[in-house]
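# Architecture at a glance
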Amino acid sequence: MKMSKFLVNIVFVTLFFMLYAWQQTEIYRMAYINQKNMSIAQELLDKNTLLRYNIAKNTSLTRIGVKVSTDKDFQMPDRFQMLTMVYPKGALRPKVVDNISGRQNVLARLFGIKRQAEAMTVNQ
């Protein structure tokens, strides 16, 4: 074997192992970066959970009930309550707009489709 071929093979093998070593160090470096990012993300998720718990605690019915009970003007409504609106003279009354036109669609007439939604009450 000639000395030049031997040196070329040594350089080639050395470069190959240097490239392999560099690749392995990059894999470990990226794994550490990923682990750091995951720990930061977990910390942010923990903070998010804590903030959601604080919001839920501050808006709970018992806390709202304590705030409402300190207000002297608060009155619970009855089960059924009817309101009547009295308009003073000269005040503008709301105008009821009827969007149903005089003509009906042919399909609506044939199949009896109504244009308004009707709600039925359930008597208990």
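Residues numbered from 1 in each chain as written. Predicted model: local features only at pLDDT ≥ 70, side-chain atom pairs only at ≥ 80, totals over all residues. Heavy atoms only, no water.

Of regular secondary structure, the chain possesses 3 helices and 0 strands. Counting from the amino terminus, helix and strand elements in the chain follow one another as α-α-α. By the burial criterion, 1% of the 124 residues in the chain qualify as buried. For the chain, the accessible surface area stands at approximately 13400 Å², while carbon and sulfur atoms represent 63% of it. (Helix = DSSP H or I, 4+ residues; strand = E, 2+ residues; numbered from the N terminus. Buried < 20%, exposed > 50% of the residue type's maximum accessible area, 1.4 Å probe, protein only. Areas by Shrake-Rupley, 256 points an atom, 1.4 Å probe, with all protein chains shown as cover.)

Let us look at the confidence of the model for the chain. Confidence in the prediction of the chain, expressed as mean pLDDT, is 77, and 55% of residues score 70 or more. For the chain, helix α3 (residues 106-111) is the element with the lowest average pLDDT, namely 66, and helix α1 (residues 3-58) is the one with the highest, namely 93. (pLDDT = per-residue confidence, 0-100.)

The final tally for this structure, using the stated rule, is 2 salt bridges. Ionic pairing is found between Glu26 and Arg29, a salt bridge with its closest N-O pair at 2.8 Å. Placement of both Glu26 and Arg29 in helix α1 is noted, with a separation of 3 residues, approximately one turn of the helix. We classify Arg29 as partly exposed; its relative accessible area is 41%. (Salt bridge = Lys/Arg side-chain N within 4 Å of Asp/Glu carboxyl O.)

Here we take up the packing of aromatic side chains. Here the structure, examined in full by the defined rule, presents 1 aromatic pair. Ring geometry for Phe16 versus Phe17: centroids 5.7 Å apart, planes at 65 degrees, classification edge-to-face. (Phe/Tyr/Trp six-rings, centres within 6.5 Å; stacked < 30°, edge-to-face > 60°.)

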